[in-house]
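Listed below, chain by chain, are the residues.
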Amino acid sequence: MSVGEGTAEPKAPAKAAHVNMMTDTVIANMPPEGLRAMIRGMLGGNAQITANFYELATQYLVNTKPTSIPKLFTQKVKSTEATPALQEIQRRYRCLMGCGFGYESMELLTEVLRQVQKLERDQTTYESENFLEIFELVDGDIVQAVTAIHKSLLTSSGVRKMTCDEVKIVKNLNGVLDLCQETSKAQEQSFAFQRGLSCLQKLLKGSGIESSSKVEVILPPSTGFVCSEGVLESARLGFAEVPRMFMGLWQFSSPSWGTASRAKIDRDFRKHVDVGLVAYDMADHYGDAEVTFGQFRCAQPDAEKIYCATKWAVFEPIKITKETVDANIRERLAAINATKVELLQFHWQDYEDHQYVEASRLLEAHPQVSSLGLCNFDTQHMEEIVESEVTVVSNQVQFSLIDLRPTFKMAAACQKHGVKLLTYGSLCGGFLADKWLGKPAPNMFEKEMTPSHRKYFEMISIWGGWTLFQELLNVLASIGKRYHASVSSVAIRWILDHEYVGAVIIGARMGISEHVEENLQAFSFKLDQEDKNALDTVLSKCRAKDIFEEMGDCGAEYRQ
């Protein structure tokens with residue numbers, strides 16, 4: 001037999017990938033930020049390229065596994081510094097999380113924390129801004145590792161149990177965190193990894209495994225929202241009267257939005273609650289948003305005045321049964337530490353699988369769900385659920401002066417069935433703001449451009465382009481001048497002045513930055529007919545109808 005003929009193993013496809021020399025020259029010399037922007041553009045609308053990307057990323061991670069972990073910190077007299085190896089390890093475990101290797105990322109995090117625990121820490125270490133930032137980042141990374149593990153446990157029939165080896169990895173990290181907590185207590189310092197430890201304890205508890213933590217704060221669960229007269233403009237959602245501005249907690253879904261300690265986050269929560277911003281939007285896949293919110297709320301003397309809107313998002317195939325639905329509701333309640341969820345918003349990815357009607361029916365009938373909402377449902381499928389005699393109080397969709405799709409079909413359906421819209425993206429990723437007035441179009445390849453910026457800049461380009469957008473900003477600024485309000489406040493007010501809108505959801509980067517006073521401006525005035533006419537003049541020049549016809553109804557962009 002000649003070389004290359006028979007073999008006992010299955011043959012791989014007889015082809016090899018080829019990159020020509022000029023393409024490789026571009027790859028070799030393009031700055032990293034440029035490559036990242038190009039890759040994001042390629043992956044944005046191509047599922048097959050995305051699958052190939054993950055396959056190659058996985059191969060790279062498997063073939064570059066380090067044989068040992070170097071020293072991540074150096075200590076001198078009254079000086080502690082991170083070595084360059086720490087950033088390399090952090091990049092690696094974040095890539096592992098992104099590729100679904102939650103346990104492998106957790107093993108690396110455990111080693112990072114072992115080295116943290118061995119540091120000779122004093123007051124200067126704790127007060128160092130550099131080290132506080134490192135600890136906050138690691139704390140956020142623990143949250144993301146737990147999220148990756150939880151996602152890997154999901155099956156079509158519910159959540160599987162962890163294997164013995166998997167439990168060992170989780171408990172190893174739990175043990176190191178316990179030591180860090182004991183050291184912090186002994187030195188009378190605040191514990192830097194509370195968010196991560198809380199998520200880890202929840203993961204173990206959900207799997208029926210006892211946490212090793214000796215210091216576990218157990219707060220009595222919230223018993224639900226009690227309506228009271230609020231200080232802000234409000235709307236009725238089912239049983240509840242809620243402010244017409246919700247604070248969105250999607251920043252918890254990724255460290256790329258920034259991360260902060262539990263203490264800083266709680267301070268910002270309290271600041272919002274004190275001015276009447278008592279409604280919060282979160283989801284099962286927003287990192288530790290549910291856990292952090294739940295622990296904050298239960299610790300407050302006015303917990304019954306704080307409203308929770310969370311989600312059950314079904315992205316993968318699943319068999320809908322009463323047991324499956326009950327299990328998910330139990331999980332949501334455990335996460336938010338409550339006996340009821342005020343508003344459970346339901347997202348269903350695959351319209352071809354008609355189980356979404358039965359799932360909605362079971363959710364709405366559940367005694368521990370006060371009200372059922374939908375998330376990113378289009379008009380046709382929202383009406384299908386409502387006309388199946390399921391009571392739906394809300395649908396969360398994207399709606400702004402740039403994305404006018406809800407005005408075409410959704411608005412009439414909401415008015416017909418008494419459904420209120422909860423809108424996100426209403427500030428167009430931060431573009432509907434004074435700081436963009438009179439500015440040239442941004443360079444999407446700049447390092448400062450976030451994924452949100454890229455998404456909404458594309459919407460602006462489709463809507464009518466940067467020149468027309470500047471015309472819109474000028475009109476908003478002119479209106480704002482009359483009411484002593486910002487461009488953002490006028491943009492929010494325009495949304496609120498639609499009667500089928502229940503509330504606008506404004507992203508809140510708790511513990512990182514807040515705009516409480518500016519957000520409240522939207523309640524200080526209402527647009528008159530002259531204001532509306534001025535805005536309509538600009539909107540008459542945009543391509544709103546083309547966007548609706550080409551992109552599809554609300555939520556279609558998530559199903560393409």
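For the structure, check the block above.
Here goes a summary of the coordinates provided. (Residues numbered from 1 in each chain as written. Predicted model: local features only at pLDDT ≥ 70, side-chain atom pairs only at ≥ 80, totals over all residues. Heavy atoms only, no water.)

Observations regarding the overall build of the chain
- Counting its secondary structure elements, the chain contains 21 helices and 14 strands.
- Whereas a compact globule of 560 residues would reach a radius of gyration of roughly 24 Å, the chain reaches 25 Å, a difference of no more than 12%.
- Principal-axis analysis of the C-alpha atoms gives the chain an extent of 75 × 65 × 55 Å.
- Burial status across the chain gives 50% buried among its 560 residues.
- Within the chain, contacts between residues at least 6 apart in sequence are counted, and of these 77% link residues at least 24 apart.
- Total accessible area on the chain is roughly 27300 Å²; 54% of this is exposed by carbon and sulfur atoms.
- When the 59 positive and 72 negative side-chain charges of the chain are each reduced to one mean point, those points stand 3 Å apart. (Helix = DSSP H or I, 4+ residues; strand = E, 2+ residues; numbered from the N terminus. Rg over C-alpha atoms; globule rule 2.2 N^0.38 Å. Buried < 20%, exposed > 50% of the residue type's maximum accessible area, 1.4 Å probe, protein only. Contact = heavy atoms within 4.5 Å. Areas by Shrake-Rupley, 256 points an atom, 1.4 Å probe, with all protein chains shown as cover. Lys, Arg positive; Asp, Glu negative; His and termini not counted. Charge placed at Lys NZ, Arg CZ, Asp CG, Glu CD.)

Notes on the packing of helix 17 (residues 466-483) against helix 20 (residues 529-539)
- It is at 9 Å that the axes of helix 17 and helix 20 come closest, and there the two elements cross at 170 degrees. One element, helix 17, and the other, helix 20, form an angle in the roughly antiparallel class. Packed against helix 17, whose contacting residues are L468, E471, L472, V475, L476, I479, R482 and Y483, the element helix 20 presents E530, D531, A534, L535 and V538 at the interface.
- When grouped by side-chain class, the residues that make up the contact of helix 17 with helix 20 number nine nonpolar, no polar and four charged. (Axes fitted to C-alpha atoms, helices over the stretch in contact; angles between N-to-C directions. Parallel < 35°, antiparallel > 145°, perpendicular 65-115°, else oblique. Nonpolar A, V, L, I, M, F, W, Y, C, P; charged D, E, K, R; others polar.)

Here we look at the state of the cysteines
- Applying the stated rule across the entire model yields zero disulfides.
- No disulfide involves C95; its sulfur sits 6.7 Å from that of C99, the nearest cysteine.
- This cysteine, C428, is not joined by any disulfide, and C542 carries the nearest cysteine sulfur, 12 Å off.
- Owing to a relative accessible area of 1%, C428 belongs among the buried residues under this scheme. (Disulfide = S-S within 2.5 Å.)

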